[in-house]
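# Examination of the molecular architecture
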Amino acid sequence: MKTENAPSILRSDYVPLAWRIDHLDLHFNLDPVATIVKSRLRCVRNALAPAAPLRLFGEDIELLDLTVNGAQPAPDAIRRTADGIEIALEGESAEIEIATRIDPSANTTLSGLYLSRGGFFTQCEAEGFRRITFFPDRPDAMTRFTVTLEADTATCPVLLSNGNLIEQGPLDGGRHYARWEDPFPKPSYLFALVAANLVSLERRVNTASGREVLLQVWVEDGNLDRAGHAMDSLIHSMRWDEETFGLELDLDRFMIVAVSDFNMGAMENKGLNIFNSKYVLAKPDTATDIDYENIESVVAHEYFHNWTGNRVTCRDWFQLTLKEGLTVFRDQQFSADMLGRMAEAGGEAAAASARAVKRIDDVRVLRTAQFAEDAGPMAHPIRPDSYQEINNFYTATVYEKGAEVIRMLHTLLGAEGFRNGMDLYFSYHDGQAVTCDDFVDCMAEANGRDLDQFMRWYGQAGTPRVTAQGHYDAESRSYTLTLTQHTPPTPGQPEKLPLVIPVAVGLIGPDGTDLPLRLQADNHGATTKLIELTEAEQSFEFTDLDFEPVPSLLRGFSAPVILELDDDDARLAFRMAHDSDAFNRWDAAQRYAERVILALAADAAAGRPLAVPDAFVSAFRALLTNDALDPAFRAQAAALPAEAYLLERMTVADPALLRAALMALMRELGGALSDEWLTLYRKHEVTGPYRYHPADAGRRALRNLALKYLAAAGVGEGLERAHAQFARFDNMTEGFGALAALVNSANPAREAALDTFHRRYRDDALVLDKWFALQAGAWRWNAEAAPVLERVRRLMGDPDFSIENPNKVYALLGSFFRANPAEFHLPDGSGYVFWADQVLALDRRNPQVASRVARALESWRRFTPEIRDRVGVQLERVRSVVGLSPDVAEIIDKALQ
Ligand code: ARG
Ligand code: ZN
């Protein structure tokens, strides 16, 4: 029945390399079915490590030949292991030559060397290099690479690898070659090659120190008109890192390559970033404002890795957040700065609002994806202690919570203190593979601050709960705020210790304005103050207050915690109307909406009529029509909390009840406020040609939201507006916004609109992904309509769908399983049978993609007993399959524990 658990890799088992590889010469003879890889490794004994054989990892590759110092090794000097070979070496150094054969055409995993649309591409993080050649494929093996590529000139005119091009030319038989040298030592996960038929957009720019560098964005012929935004984003990223951290590009050439088949978002290979094409290609009529924003942030993310990840890398994969948390924080700051700078034309308030909207976006992702992960069977600290398959740990916890942990350091130390810590980090560790402790030690040393307790953030899983109790004493005119913290148990961690939690506090007076804060001795009188909660319970006393204030806590979301507030509706409405902190104002609206939605779901459960309280509608109307607020902010505040987030907030997750509640609320807000929505829609029209700009994007977002509410409520004039917008759009934000509104309505014209859209974009894979995702995520506004599952099954047979392409799988299956809970969790359980079928089919081709899809059901124990019974059967069914990948096996085992 149950297959044996894959062995766990433990963080505590780290042993330094016995042999360093100081140089690697690689030679590729590229062929779709039989690529020959020859490698020459210069090995040097590591005097600081215990003596051991040279350990080389290899996976799914054929060993043709191996010599040590030019000779065949003695048979007993070489040993095959489960994951590679071990060679006993004498002396202080040795030269190893290895030849392997690989079949890229058979590599459906998209890890290692694979084919995409006739070209050769690689993905080596985390452990893909061992699928190319035998090597100490671990991040602390830092090596200088020289790479020669040979390939067919006609099919692969472009030959790229890391670093600098030092030689190229023709060969016999219609082939050619190129030789690349990377001057910087790097671990094998940062190796890359591309051999394909591509064209490039080029720019030459100077770095801060005046060095000229060549920037290239490589795309398929015909896509050059979609590469400009990625190029601009790259140049902006370079400037930002120079200005903010004094970090310059260290190479003469920096390349970005777009590829259609890619498991993740993008990869920071040294000097040769390889991107999922959806994070490169954009032009106004194919990409939405959100796509433009995502491209800017992913380009920045990968570029920033050049220092935080490549120049200083991870000692082992447990330290992944060292580079990912830090780099996500850096890209978030960059995007906030860029959006703020662009919005500045509209004044300081517009700039501040644009930054707040970005923060809200980031926190939405954290609360939806990471909080759920932290509450489920995959909960792990940002630095895990064990894993079965490292690819399963590229998670929201390591990335997004990791970024919040870095942000807290930035908050506690200030921008200057943080910068000093970064400078020290590079001065100590440039060129090294280090740990998270090394990073935090630099922050501590540069700031003369003890961060030992802070380090608990790296070791404890679970989302801390913070509660607040306020007490006003009229006689002493003081207000005492008592905060408590508690982190619930997570798998393997029953007990938690108190964390250092920075809490940004404001106190609001009865007229809605912020009060000057006097905290005991400290008499600054600022209106927002950072307090540090370090114990399980602590009290803070504010003085000189003439009235009982309304507290505004965790401003800007100053820590990744769940703040349990006992604010009643009136208080939430008050803060929704007055909180000077944009984040908390948004948060008050979200909390109020959440209360209303959960109450409606309870009504549905009890068979009561679903009635939306008038007070909520009024508070919502007031915020929506407050023209002092930026449209982008209003769009954020008026969008309901994500369904996945709300499911987590239900005591027992019940997707059908939640959907009923959400539909009732959407209809009510759409209908009762139809005049307001229509006025907003008219007032915020964007004229002139499309530009990617937060001011325009905010208006488009608010208008699209108006259409969504109006269409949900079936308001005739709203549907007309949606049709009109759809009938003549010149940018994808408006086109897709209108289509989404029509599809998410009971309006019968939805099918015709979907067909029109399909006809217009039938040759555009990235736009078709949107078309698939929209249908898979659609709600059933018309009770007679067929279940969405039927449509998803049908779309899997669509000629434009391919189970081999990760973007298609994420668009169709990912959207259905994750973004459409009420349709996925059908009462008869047919959704789970379909889910299991798809996980198993995917697992035979691509375990990384299968595992991501499998994770859609990991929180199954939070659901109703009926759902649990049916999911349990399918989880057991998947677990019993022989030959499951370690990726999927780990997820299913943990889900069933
Ligand atoms: N380092 C890449 C990034 O965040 C992600 C690579 C993930 N790859 C994987 N196979 N898990 O930019
Ligand atoms: Zn990254």
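Residues numbered from 1 in each chain as written. Chains lettered and ligands numbered in written order. Predicted model: local features only at pLDDT ≥ 70, side-chain atom pairs only at ≥ 80, totals over all residues.

- If you check an unreviewed UniProt entry, the protein chain appears there as Aminopeptidase N from Aromatoleum aromaticum.
- Per its UniProt entry, the protein chain bears the Cofactor (unreviewed entry) comment "Zn(2+)". (UniProt positions renumbered as here; feature names shortened; annotations may be inferred.)

### Concerning the overall build of the protein chain
- Counting secondary structure elements, the protein chain contains 26 helices and 30 strands.
- Taken against the 2.2 N^0.38 rule, which gives 29 Å for 897 residues, the C-alpha radius of gyration of the protein chain at 28 Å falls within 12% of a compact globule.
- If one aligns the C-alpha atoms of the protein chain with their principal axes, the spans along those axes are about 85 × 70 × 60 Å.
- For the protein chain, the residues scored as buried account for 51% of the 897 residues in total.
- Contacts in the protein chain between residues far apart in sequence, at least 24 positions, make up 71% of those at least 6 positions apart. (Helix = DSSP H or I, 4+ residues; strand = E, 2+ residues; numbered from the N terminus. Rg over C-alpha atoms; globule rule 2.2 N^0.38 Å. Buried ≥ 20, exposed ≤ 12 C-beta atoms within 10 Å, placed from the backbone. Contact = placed C-beta atoms within 7 Å.)

### Let's talk about unusual backbone geometry
- Going from Glu125 to Ala126, the amide bond is cis rather than trans, its omega being 0°.
- Within the element layout of this structure, Ala126 appears in the loop between β10 (119-123) and β11 (144-152).
- Residues other than glycine seldom take positive phi values, yet Asn69 does so here, at roughly 50°.

### Observations concerning the sheet that holds strand β4 (residues 54-57)
- Spatially, three strands are ordered β4-β7-β6 in an open sheet, and the strand pairing comes out antiparallel. With partners counted over all chains shown, the strands left at the sheet margins are β4 and β6 (78-81), one partner each. The average angle at which neighbouring strand axes cross in this sheet is 20°, direction not considered. (Pairing = 2+ DSSP bridges. Axes fitted to C-alpha atoms, helices over the stretch in contact; angles between N-to-C directions.)

### Remarks on the sheet that holds strand β5 (residues 62-68)
- With mixed pairing, the seven strands of this open sheet are ordered in space as β5-β8-β3-β2-β11-β14-β13. At either margin of the open sheet sits one strand with a lone partner, and together these are β5 and β13 (164-171). Neighbouring strand axes in the sheet, compared pairwise and without regard to direction, differ in orientation by 15° on average.
- Sheet analysis places β13 next to strand β14 (residues 175-181), joined by seven bridges and oriented antiparallel. Pairing of Glu167 across the sheet is with Arg179, part of β14.

### Remarks on the UniProt feature "domain: Aminopeptidase N-like N-terminal" (unreviewed entry) in the protein chain
- Here the UniProt-annotated "domain: Aminopeptidase N-like N-terminal" (unreviewed entry) positions come out as residues 96-190.
- Helix makes up 0% of residues 96-190 and strand 47%, with an end-to-end C-alpha separation of 21 Å.

### Remarks on the site of ligand 1
- The environment of ligand 1 is formed by 13 residues, the closest being Glu125, Met264, Met267, Asn391 and Tyr394.
- Partitioning the shell around ligand 1 into residue classes produces five nonpolar, four polar and four charged. (Near = placed C-beta within 6 Å. Nonpolar A, V, L, I, M, F, W, Y, C, P; charged D, E, K, R; others polar.)

### Looking at the nonpolar core
- By size, the foremost hydrophobic cluster in this structure holds 269 residues, and its most contacted members are Val194, Val257 and Val280.
- Ranked by residues supplied to this core, first place goes to helix α9 (residues 582-605) with twelve residues.
- Apart from the residues within four sequence positions on either side, Val280 is in contact with Val217, Val219, Ala227, Ala230, Ile256, Ala258, Phe275 and Ile295. (Core = buried A, V, L, I, M, F, W, Y, C linked by C-beta atoms within 7 Å.)

### Details of helix α10 (residues 614-624)
- For α10, the full list of buried residues reads Phe616, Ala619, Phe620, Leu623 and Leu624. Here the buried residues of α10 occupy an arc of 130° about the axis, which is enough to place them on one side. Those residues of α10 that are exposed and angled more than 90 degrees off the buried face are Asp614, Ser618 and Ala622.
- Check the buried side of α10 and you find it contacts α8 (569-578), α9, α11 (631-638), α13 (655-672) and α14 (674-683). (Arc of directions from axis to C-beta.)

### Let's talk about the environment of Thr467
- With respect to the helices, strands and loops of the structure, Thr467 is situated in strand β24 (residues 465-473).
- Measuring from C-alpha to C-alpha, the distance between Thr467 and Gln370 comes to 20 Å, with 97 residues separating the pair along the chain.
- With residues up to four places along the chain from it excluded, the contact list for Thr467 reads Thr484 and Glu564.

### A word on the UniProt feature "domain: Peptidase M1 alanyl aminopeptidase C-terminal" (unreviewed entry) in the protein chain
- Here the UniProt-annotated "domain: Peptidase M1 alanyl aminopeptidase C-terminal" (unreviewed entry) positions come out as residues 569-897.
- Annotated as residues 569-897, this span is 70% helix and 0% strand, and its ends, taken at the C-alpha atoms, are 39 Å apart.

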